[in-house]
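Inside the fold
As a plain string of letters, each chain reads:
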Amino acid sequence: MTRVLHVDTAVEWRGGQRQLELLLAGRPGDLWAGVPAAPLAARAGPPSITLRPGAHPWNIVALRAAAAGFDLVAAHTPHALGIALLAGLPTVAHRRVDFVPSGLKYRRAAHVIAVSGAVREILVSVGVSAERVTVVPDGVPTPPPGDPSRWGGYDRPLYGCVGALVAHKGHRHVIEAMARVPGTLLVAGEGALRPRLEAQVQALGLQGRVHLLGQVSAIEDLYAAVDVFVHPSEEEGMGQAVVEAMAAGCRVVGTRAGGVAEVLGDGGEVVPARDPEALAAAMVRALAIPRGAGVERARLYSVDVMVAGTGRVYEEVSRLLRRNGR
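All residue numbers here refer to positions counted from 1 along the written sequence of the relevant chain. Per-residue local features of the predicted model are confined to residues with pLDDT of at least 70, and side-chain atom pairs are confined, for both listing and counting, to 80 or more; whole-chain, interface and lining totals are unaffected and use all residues. With hydrogens and water stripped out, all remaining heavy atoms of the structure feed into the side-chain values.

Another point: empty space enclosed by the protein. To locate leftover empty space, one rolls a probe as large as a water molecule over the atoms. Of the two site types, the cavity is a set of points on a 1 Å grid over the protein atoms alone where a 1.4 Å probe fits but cannot get out, and the pocket is an open set with protein on both sides within 12 Å along at least five of seven lines, each lined by residues with an atom within 4 Å of a point. Grid points are joined across faces, edges and corners, and a volume is the space filled by probe spheres set on the points. Inspection of the entire model under this criterion finds one cavity of 30 Å³ or more. Approximately 60 Å³ is the volume found for the largest cavity. We count a stretch as a helix when DSSP gives it H or I for four or more residues in a row; a strand needs E for two or more, and each element gets its number in order from the N terminus. Of all the secondary structure elements, the ones that give two or more residues to the lining of the largest cavity are strand 6 (111–114) and helix 14 (303–323). All residues other than Ala, Val, Leu, Ile, Met, Phe, Trp, Tyr, Cys, Pro, Asp, Glu, Lys and Arg, Gly among them, are scored as polar; the first ten of these are nonpolar and the last four charged. Taken together, the residues that form the lining of the largest cavity break down as six nonpolar, two polar and two charged.

Next up on the list: the layout of surface pockets. Here the largest pocket is characterised by a volume of approximately 1,500 Å³. If you list the elements that add at least two residues to the lining of the largest pocket, you get helix 1 (15–26), helix 4 (78–86), strand 5 (91–95), helix 9 (219–225) and helix 10 (240–247). Here the lining of the largest pocket takes four residues from helix 1, the largest share from any one element. A per-class count over the lining of the largest pocket returns 18 nonpolar, 18 polar and 13 charged.

We now examine the nonpolar core. Generally speaking, soluble globular proteins have nonpolar side chains that are buried together. For this analysis, a nonpolar core means a set of buried residues of the types Ala, Val, Leu, Ile, Met, Phe, Trp, Tyr and Cys, connected via side-chain atoms within 4.5 Å. We call a residue buried when its accessible area falls under 20% of the maximum for its residue type, exposed when it is over 50%, and partly exposed in between, using a 1.4 Å probe and counting protein chains only. In terms of nonpolar packing, the biggest core is built from 58 residues, with Val7 and Leu63 touching the most fellow members. The leading source of residues in this core is helix 10, at six residues. The residues touching Leu63, leaving out its near neighbours within four places in the chain, are Leu5, Val7, Ala33, Leu51, Ile83, Ala84, Ala87 and Leu89. Core analysis: the next-biggest nonpolar cluster, separate from the first, contains 27 residues, Val174, Ile175, Met178 and Leu197 among them. Working rule for contacts: check all heavy atoms of both residues, and any pair within 4.5 Å makes them a contact.

Quick look at the packing of aromatic side chains now. In this analysis, rings of Phe, Tyr and Trp, with Trp reduced to its six-membered ring, are considered paired at centre separations within 6.5 Å, and the interplanar angle assigns stacked below 30 degrees, edge-to-face beyond 60, and tilted for intermediate values. Applying the stated criterion to the full structure yields one aromatic pair. With a centroid separation of 5.8 Å and 65 degrees between ring planes, the pair formed by Tyr223 and Phe229 is classed as edge-to-face. A ring is considered to have a charge above it if a Lys NZ or an Arg CZ atom is located within 6 Å of its centre and within 35 degrees of its normal. Over the ring of Trp13 we find Arg43, and its NZ or CZ is 4.0 Å from the ring centre.

What follows covers helix 4. Considered for burial, the residues of helix 4 that qualify are Ala80, Leu81, Gly82, Ile83, Ala84 and Leu85. Contact partners of the buried residues in helix 4: strand 1 (4–8), helix 3 (58–66), strand 4 (72–75), strand 5 and helix 5 (103–108). At the C-terminal side of helix 4, Gly88 shows a positive phi close to 75 degrees.

What follows is about the packing of helix 7 (residues 171–178) against helix 8 (residues 194–203). Here, axes are lines fitted to C-alpha atoms. For helices the fit covers the stretch in contact, and angles between N-to-C directions go from 0 to 180 degrees. Remark: helix 7 packs on helix 8, axes separated minimally by 10 Å, with the N-to-C direction vectors making an angle of 15 degrees. It follows from the interaxial angle that helix 7 and helix 8 lie roughly parallel. In this structure, the crossing between helix 7 and helix 8 has a hand that is right-handed. Residues His171, Arg172, Ile175 and Glu176 of helix 7 form the contact with helix 8, whose participating residues are Leu197, Gln200 and Val201. Looking at the contact of helix 7 with helix 8, its residues break down into three nonpolar, two polar and two charged. Oblique is the label for every angle not falling under 35 degrees (roughly parallel), over 145 degrees (roughly antiparallel), or within 65 to 115 degrees (roughly perpendicular). Helix crossings fall into two classes, left-handed where the near helix is turned counterclockwise from the far one by less than a right angle and right-handed where it is turned clockwise.

As for its placement among the helices and strands, Ile175 is situated in helix 7. The spacing of Ile175 and Val187 is 12 residues in sequence and 9.6 Å in space, taken between C-alpha atoms. Not counting residues within four places of it along the chain, the set of residues in contact with Ile175 comprises Leu185, Leu197, Gln200, Val201, Leu204, Leu206 and Val210.

Okay, the packing of helix 7 against helix 12 (residues 276–285) next. The contact between helix 7 and helix 12 brings their axes to 8 Å, and the two run at 65 degrees. The element helix 7 and its partner helix 12 pack so that their crossing is right-handed. Seen from helix 7, the contacting residues are His173, Val174, Glu176, Ala177 and Met178; seen from helix 12, they are Pro276, Leu279, Ala280 and Met283. Considering only residue class, the contact of helix 7 with helix 12 consists of seven nonpolar, one polar and one charged.

All right, on to the pattern of salt bridges then. We count a salt bridge whenever a side-chain nitrogen from Lys or Arg sits within 4 Å of a carboxyl oxygen from Asp or Glu. Within the structure shown, the criterion is met by 15 salt bridges. A salt bridge links Arg96 to Asp138; its shortest N-O distance comes to 3.2 Å. Of this pair, Arg96 sits in the loop between strand 5 and helix 5 while Asp138 sits in the loop between strand 7 (133–135) and strand 8 (158–162), placing them 42 residues apart in sequence. In terms of burial, Arg96 and Asp138 fall into one category: buried. A salt bridge links Glu234 to Arg274; its shortest N-O distance comes to 3.5 Å. Taken as a pair, Glu234 in the loop between strand 11 (228–231) and helix 10 and Arg274 in the loop between strand 13 (269–271) and helix 12 lie far apart in primary sequence, 40 residues in all. Note on Glu234: relative accessible area 12%, which makes it buried.

Structure below.
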């Protein structure tokens, strides 16, 4: 098996770090380099190579010193890709977001793993050769059965939304949509936009009908309780929460943002991004979808499928590099 050093310079816990945790568990022979104080270290174990946050020059030295023990570097953040390239290491870049990246860095990678077809198209649009981009969707564990009684007592229909309170997640659109539909919205997640979203709830008179819950433990209880799961993103590489919700049996409404529509397929309702009116109409229509309609589709995005697909890319890139004498 190809010896891979995974590099992640992040100090936050987001979807990309969760994917690396799952990948490391599925590839026990691999090691990782990162920041010891990062949440990933508490979940996946301390990094074998200590890095500093972001694009610190020290990281180039640390990676170059460790390179002899590995066939390949896998860069899981843009900063990780930058320092691996500056260290002169053969690198596979992982790209999980649909923001337009710096084409220069990604063109220099030996290969890029894109989380969705939409992300692949963006990479190609900035000059990355299509032959050097492979789509491997994120792996999403099936949530355990939840207890809906935890979230009882709210007026129905009960809508749920899961995601960090940041602009591209589009929470403001689903809050505006709630002014057009009856029922209650529960939003799980925390972030810098909380004060602005709270002010929006007040301005629309939705106190008592829209609840910003903050971080929620046992998210499976929320999935089990809601009548419809709503994913209102403006930009989204893939949408792990969409897969989780489908796997849990939720009716799902998503937007045509990044890879969301690609993932959702016929497993739910899809509407344009940034369109609260269309979102509200879809939220009502979704109540007629049979619960569990997306369960089979969610199995396409299992952790085992992700680990196997990623491993195939690593092996192929390593083989090509050996053939080319690198």
